[in-house]
Amino acid sequence: MPAPDASLFNSSGPRPSPIDRNSLFSKKPREIAAVTPAARSAPPLSYRPSPVSQQMVMPLPVSIFPSSDLEDTIRDTRLAASLALPSTKARAPRASSYYEPSPFRPPVAANHRALLWTTPFSRDSAAECSTVISPALQALIFSKLAGSVVPETLNAYGAGLIRFTQFCDSHRIPESMRMPASVPLLAAFVVNACGTIGHGAIKNWLNGLAFWHKLNLAPWHGKEDWVPLVLRTAMKEGVKFKRPPREGAALWATATAAFWGCRRLGEVTVPSEKKIDRLRHVMRGCTMSYSRQLGREVLVIDLPWTKTTGIIGGKCILTQTDDDLCPVAAMENHLKVNHSASSSTPLFAYRVGRPWKSMTKPFFLNFTTRAYRDAHLEHVFGHSYCIGCTVQLLKDGVAPEVVMKIGGWSSMCFLIYWRRLEQIIPAALSRAWAQKRKDLTKVNGLQEDLEDLGI
């Protein structure tokens, strides 16, 4: 493309109409406070590029000739540079992303914030640059700087600027102190986020702030003194798992059903959203029956397929446990929270907005693996739920043949999965001997000694 006419850079030449700022903003920006006296006293810009530098100038479709107001010049320059970025319509901020309106922060899309959000330091830096290079070259530089990272990264950086702005607004940090951000301010920003969000997210926020500082030629103190230390603390503390109630209810019901029902994960979850088989995976339209046995509520779920019986299917039998691990209570809570599903929806699916999301095996394992690891527990595999229930029931004294039926085994082959034999066998022997002593006391009329046996 041909280079712009040289008269654009000569204060004595004709001046085309300035850039239409209103077309790039959702509303007209507010007037900005007067610039510093030093910036006001800067000599008028008169720059005629050489033939070599003309080839470097960005061929802009609009004029970026400096107006009489330095603020307009700075804004025009950056708006011209932003034309090289992917066009994204600025959306109304969500409640969690609200920040106090400011002329320094126009309402633009996330990937434009690092370029178009400014501070008092930005003005001083731009005024100094204007004494050396033309606005056209500045626009070219800014466009290349913004292009040094991919659009997705610019979006992430925009999120970091939002969080930093919210923090500064809530603690009444003056605009002049936000750039360059001092070590105490950055450390306070990190500490404020500790325990509420992961270390990786905090680090990404700081990366966004660092990029913002570099765009404005501001010193960056994010790797000095306190900041790396509090970042290390954020990594150690981590963040407690917080899941939306609907998703959490589905996860809890799936885990307790797989464990107390002695089921394989493939019998209660689906492989993926695209591999749902209504003849194999349990759906909301399945038969579920409630009963009460010896004072405990029992829920029986008909499974269309099991690993041992195939398409003959089986039953997932859940018995009330009267504690936080009760599978019946977890299932009732899941069906109450994730209500109104169609009969063809997977049983443990949950709502995410309007659409339903199935409980896939990979998602379930990824979530539970992180949860167990953060709680410093042993690693849990997919088959650990079925085996874990087997061990627990045997330790509790449930007869092996009953455990066999609960888990859907057709023979005693499940005994190869026994774990913790050092606990199961002594417990079984103790119960057998205690029963023998109990029978002996009854035969000899020694009923008063039963309490001493702990039976």
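What you are looking at is a predicted structure, and each value in this text was computed from that prediction instead of being measured.

A word on the sheet that holds strand E3 (residues 314-319)
Consider a sheet: its strands pair through backbone hydrogen bonds, and that pairing is either parallel or antiparallel. Ordered in space as E1-E2-E3, the three strands form an open sheet in which the pairing is antiparallel. Looking at strand neighbours, the two that pair on one side only are strand E1 (288-293) and E3, the edges of this open sheet. The mean angle between the axes of side-by-side strands here comes to 25°, regardless of whether they run parallel or antiparallel. With six bridges connecting them, strand E2 (residues 296-303) and E3 associate as antiparallel partners. In the strand pairing of E3, Leu-299 is matched with Leu-318. In the packing of helix H12 (residues 327-337) onto the sheet, the strands contacted are E1, E2 and E3, and the crossing angle to E2 comes to about 65°.

Quick word on the side chain of Arg-264
Within the fold, Arg-264 resides in the loop between helix H11 (245-260) and E1. Assessed through its relative accessible area of 14%, Arg-264 is described here as buried. For Arg-264, the side chain forms a polar contact with the main-chain oxygen of Gly-407, separated by 2.9 Å.

Details of the nonpolar core
Phe-164, Leu-206 and Leu-209 are the most contacted members of the largest nonpolar core, which totals 42 residues. Secondary-structure elements contributing two or more residues to this core are helix H3 (70-82), helix H4 (113-116), helix H6 (135-146), helix H7 (151-170), helix H8 (183-193), helix H9 (199-215) and helix H10 (226-237). Apart from residues lying up to four places away in sequence, Leu-206 is in contact with Leu-186, Phe-189, Val-190, Trp-220, Val-227 and Leu-231.

Notes on the confidence of the model for the chain
Per-residue pLDDT for the chain has a mean of 78; in total, 74% of the residues score no lower than 70. Mean pLDDT values for the elements of the chain range from 34 in helix H2 (residues 51-54) up to 95 in E2. In the predicted structure, residues 1-68 sits below a pLDDT of 50 and forms 105 contacts with residues beyond four places in sequence or in another chain. Note that pLDDT drops below 50 for residues 448-455; the model gives that stretch eight contacts with residues more than four away or on any other chain.

Description of H6
Here H6 spans 16 Å end to end across 12 residues, near enough to the 16 Å set by a 1.5 Å rise per residue. Most of H6 is tucked away: nine of the 12 residues are buried.

So, the packing of H9 against H10
It is at 8 Å that the axes of H9 and H10 come closest, and there the two elements cross at 150°. By the angle between their axes, H9 is roughly antiparallel relative to H10. Here His-199, Ile-202 and Leu-206 of H9 lie close against H10, whose contacting residues are Val-227, Leu-231, Ala-234 and Met-235. The class makeup of the residues in the contact of H9 with H10 is six nonpolar, one polar and no charged.

Cut-offs applied
- Residues numbered from 1 in each chain as written.
- Predicted model: local features only at pLDDT ≥ 70, side-chain atom pairs only at ≥ 80, totals over all residues.
- Heavy atoms only, no water.
- Pairing = 2+ DSSP bridges.
- Helix = DSSP H or I, 4+ residues; strand = E, 2+ residues; numbered from the N terminus.
- Axes fitted to C-alpha atoms, helices over the stretch in contact; angles between N-to-C directions.
- Contact = heavy atoms within 4.5 Å.
- Buried < 20%, exposed > 50% of the residue type's maximum accessible area, 1.4 Å probe, protein only.
- Polar contact = N/O pair within 3.5 Å; in protein donor to acceptor, adjacent residues only side chain to side chain.
- Core = buried A, V, L, I, M, F, W, Y, C linked by side-chain atoms within 4.5 Å.
- pLDDT = per-residue confidence, 0-100.
- Expected span 1.5 Å × (residues − 1).
- Parallel < 35°, antiparallel > 145°, perpendicular 65-115°, else oblique.
- Nonpolar A, V, L, I, M, F, W, Y, C, P; charged D, E, K, R; others polar.

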